[in-house]
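If you want the building blocks of each chain, they are given just below.
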Amino acid sequence: MKVEVIKMEQGARKEAFVEYLERLYREDNRRALAILRRGLSGDQKAKLDMYPFVIRFLRQGATKWEEDVLFAIASLFAFHPSTDGIGDMGTVMKQVRQRTNSDSIEGRFMAMLRAPSENVLDHLKQCVSLARSKEVPIDWNQLYKDLLWWNSDGMRVQRRWASSFWGDRNEDQNSGG
């Protein structure tokens, strides 16, 4: 019973965190977004500057991975703020591929899928940059949840992303895409 309460609490924090980032964007808080964007540099001082905006959303007893994901989502959102994304990163990269008509997108996506947690955030930066360049919005709440489960048994997140990316291939080919 107590575990269920903790899971619900954790889920609520994730949503509140993304809502907070979206509010910073809607309110045009350029200072906050600039500070969060600097987190992409990987510099520890830049990460310290992010603490006033991010740390309140880190649950007590969080793992290093949960902290890394929280800070990465904040930085990536500030780099590519979008509030109307739908689907997971497989859907995002599928849209990027459709807009670029480039074979290299599939290779980048595969590299991200295969990446262990210690490298996935670097691959994700590249994919978010591509999404930004092609004006493909990201569902930040979904991405946050997915990254927290990146290391789960059975690679369920990676399999779902792959299904989203390669699913409906016949439909794409029939429509000329």
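See the structure shown above.
Note that this is a predicted model, so its numbers are computed, not measured.

Caption draft 1: Layout of the overall build of the protein. Counting its secondary structure elements, the protein contains ten helices and zero strands. For the protein, the sequential pattern of α-helices and β-strands runs α-α-α-α-α-α-α-α-α-α. Put simply, the protein has 177 residues, and 41% of those count as buried. Relative to all contacts within the protein whose residues are 6 or more apart in sequence, the contacts with residues 24 or more apart total 71%.

Caption draft 2: Structural detail: the packing of aromatic side chains. Within this structure, the stated rule accounts for ten aromatic pairs. Note on Phe-17 and Tyr-144: the rings are 5.5 Å apart at their centroids and 55 degrees apart in plane angle, and the pair reads as tilted. Taken together, the residues Phe-17 in helix H1 (residues 2–26) and Tyr-144 in helix H8 (residues 140–148) connect sequence positions 127 residues apart. Looking at Phe-17, the relative accessible area reads 0%, which means it is buried. Note on Tyr-20 and Phe-57: the rings are 5.1 Å apart at their centroids and 40 degrees apart in plane angle, and the pair reads as tilted. One end of the pair, Tyr-20, is in helix H1; the other, Phe-57, is in the loop between helix H3 (44–54) and helix H4 (64–79), with 37 residues separating them in the sequence. Residues Tyr-20 and Phe-57 agree in their burial class; the two are buried.

Caption draft 3: Seen up close, helix H5 (residues 89–100). Between its first and last C-alpha atoms H5 spans 16 Å; for twelve residues at 1.5 Å apiece the expected length is 16 Å, and the two agree. Met-89, Gly-90, Val-92, Met-93, Lys-94, Val-96 and Arg-97 are the residues of H5 that are buried. The N-cap of H5, judged by a side-chain oxygen 2.9 Å from the amide nitrogen of Gly-90 a few residues on, is Asp-88. Directly beyond the C-terminal end of H5, a positive phi value near 60 degrees is found at Asn-101.

Calculation rules
- Residue indices follow the written sequence of each chain, beginning from 1 at its first position.
- Where local features are concerned, this predicted model is filtered to residues with pLDDT of at least 70; where side-chain atom pairs are given and counted, the filter is 80 or more; whole-chain, interface and lining totals use all residues.
- With hydrogens and water set aside, each side-chain value is computed from the structure's full complement of heavy atoms.
- Working definition: helices are DSSP H or I runs of at least four residues, strands are E runs of at least two. Numbering for both runs from the N terminus.
- Accessibility here uses a 1.4 Å probe with only protein chains present; expressed as a share of the type maximum, an area under 20% marks a residue as buried, one over 50% as exposed, and anything in between as partly exposed.
- Between two residues, a contact is recorded if the distance between any of their heavy atoms is within 4.5 Å.
- Paired rings are identified among Phe, Tyr and Trp, the last through its six-membered ring, by centres lying within 6.5 Å, and are further divided according to the angle between planes into stacked (under 30 degrees), edge-to-face (over 60) and tilted (the rest).
- By this rule the span expected of a helix is its residue count minus one, scaled by 1.5 Å.
- Pairs of N or O atoms are called polar contacts if they sit within 3.5 Å, as long as, within protein, a hydrogen donor faces a hydrogen acceptor (for residues adjacent in sequence, only side-chain-to-side-chain pairs).

Keep in mind that these numbers describe shape and distance, not what the molecule does.
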